[in-house]
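One letter stands for each residue in the lines below.
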Amino acid sequence: MRPPLGCIKGMHGNDLRQVPPLVADHLPNDTCQTDPDLAAVVEAWPELPEALKAGILAMVKASRS
């Protein structure tokens, strides 16, 4: 945890300085808001058998046409 702006331990009076904010302090952690079902598929994908991967891809492609 970083100290609040202007409060750095051991510094007094005119020696106080502002600590610059971290780059992403203001950003939410999950900017994509990934669907939990999709996240489960993505997590499992490397271990899925090739036939199952092909079936999933075929269903996705069929649903788009």
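Please read these numbers as outputs of a predicted model, since none were measured by experiment.

Trainee: When you look at the overall build of the protein chain in this model, what are you seeing that I'm missing?
Mentor: Scanning the protein chain for helices and strands turns up two helices and zero strands. Buried positions account for 8% of the 65 residues belonging to the protein chain. Carbon and sulfur atoms form 62% of the exposed surface of the protein chain, whose accessible area is close to 6,100 Å².

Trainee: Looking at this structure, I do not really get the pattern of salt bridges. What am I missing?
Mentor: Oppositely charged side chains can form a pair if their charged atoms are brought close together. Within the structure shown, the criterion is met by one salt bridge. Across the salt bridge formed by Lys53 and Glu50, the nearest N and O atoms sit 3.5 Å from each other. Here Glu50 and Lys53 lie together in helix H2 (residues 50-64), a separation of three residues that amounts to about one turn. Classification of Glu50 by relative accessible area gives exposed; the value is 60%.

Here is what the cut-offs are and how they apply
- Residues numbered from 1 in each chain as written.
- Predicted model: local features only at pLDDT ≥ 70, side-chain atom pairs only at ≥ 80, totals over all residues.
- Heavy atoms only, no water.
- Helix = DSSP H or I, 4+ residues; strand = E, 2+ residues; numbered from the N terminus.
- Buried < 20%, exposed > 50% of the residue type's maximum accessible area, 1.4 Å probe, protein only.
- Areas by Shrake-Rupley, 256 points an atom, 1.4 Å probe, with all protein chains shown as cover.
- Salt bridge = Lys/Arg side-chain N within 4 Å of Asp/Glu carboxyl O.

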